[in-house]
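# Secondary and tertiary structure notes
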Amino acid sequence: MADLICLATGVLLVLLVWFDFISTALTASESGPLSRRVAFATWRLALTLNKLVKSHRFLGAVGPLIIMVLINMWVFAAWLGWSLIYLGGEPSVLNSITKVPADTSSVSYFVGFTLTTLGTGDYVPADGFWQMMTVVTAFNGLALITLSITYAIPVVQAAAVKRTVAREISVMGETVDEIAAHWARHRQYQGVETYLATLTPQILDIAQKHLAYPILHYYHSPELQTALPLKLAALDEAIRAIPAEAYVQNPSLRIAEHNCSKAIEVFLSTLNKAFIHPTDEEPPQLLAPDLTKGTARVVGTQRATESLAKRRKLLRALVLQDGWTWDQIAKG
């Protein structure tokens, strides 16, 4: 009976590892149940520790750390699961010289080098079924380790894209005031529509990358100029400062502004599903008084007011969850 329980537990654990891995790395959607909880717990612990450390470079190291934690979790959980399977079917592993059944530690050792395809040869599977299972175990380990490493590479690339988009927003200004003032200096806001039209597909691309690689949420840029949450919040606040007359004088600006705002909304909606939730209070207005005249055009109805408030609450949550504070969108 004990052997049957051990075997069943091992099978369930191996299936859980693969379900979690496939959900996280291969479905282009939210993380698996284990990965989601481990990654979130690690990030929350890092944010707590950062209150003492107060170092954005420390937070910048957490994303790669979470990747390593998840890969090791998958491999070691698979190792444990396969060990339980072999232990539940004793005698499954034999000493290659004496043919004596291996003890518990030796079985675990055999499973470990089989999963990693090292094949040291001092222990061998019992004849028949366990020889076939050894092949399955080796293939399982090879596939899991290879796919795990392969998963990590595009995450790092996507993190670089995040920094690039943040840097492009910074080109217009380091702070929300600088962005809004820079636009206002251009007669009839000429050229702003081109800038917004260029940013729109990049923001949508980042949203899809967050969907495909949920671990990307925890890749933190330690520099203000490349911190996407800060720059995205500054951009959205600056967009709301565009005066109504600018749209009358430059009709193409309305289309570009609408598309860019929609892209930011898609980005926030994507993260809202698994990473951020609206804060209880709407963040304060940080634009200089002479740059806020455009705000009135988007709050004509109660529905629009509520939508804008939720949007700004989500932006504030995005900034806070990334280890920054709201007032830092006004700091260069």
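Residues numbered from 1 in each chain as written. Predicted model: local features only at pLDDT ≥ 70, side-chain atom pairs only at ≥ 80, totals over all residues. Heavy atoms only, no water.

Counting its regular elements, the protein chain contains 12 helices and 2 strands. For a compact globule of 332 residues, the expected C-alpha radius of gyration is about 20 Å, and the protein chain comes in at 26 Å, more than 25% above that figure. A principal-axis box enclosing the C-alpha atoms of the protein chain has dimensions of 90 × 40 × 35 Å. Across the 332 residues in the protein chain, those meeting the buried criterion constitute 48%. Within the protein chain, contacts between residues at least 6 apart in sequence are counted, and of these 78% link residues at least 24 apart. When the accessible area of the protein chain is evaluated, it comes to approximately 15900 Å², of which 64% is carbon and sulfur surface. Across the protein chain, 27 positive and 26 negative side-chain charges occur, with their mean positions spaced 6 Å apart. (Helix = DSSP H or I, 4+ residues; strand = E, 2+ residues; numbered from the N terminus. Rg over C-alpha atoms; globule rule 2.2 N^0.38 Å. Buried < 20%, exposed > 50% of the residue type's maximum accessible area, 1.4 Å probe, protein only. Contact = heavy atoms within 4.5 Å. Areas by Shrake-Rupley, 256 points an atom, 1.4 Å probe, with all protein chains shown as cover. Lys, Arg positive; Asp, Glu negative; His and termini not counted. Charge placed at Lys NZ, Arg CZ, Asp CG, Glu CD.)

A separate point is the pattern of salt bridges. Scanning the model with the defined rule gives 9 salt bridges in all. The partner of Arg312 in a salt bridge is Glu282, with the nearest N and O atoms 2.8 Å apart. Note that Arg312 is positioned in helix α12 (residues 302-321) and Glu282 in the loop between α11 (251-272) and α12, a separation of 30 residues in sequence. Looking at Arg312, the relative accessible area reads 4%, which means it is buried. Within this structure, Asp236, Lys262, Glu265 and Arg311 form a network of salt bridges that share partners. (Salt bridge = Lys/Arg side-chain N within 4 Å of Asp/Glu carboxyl O.)

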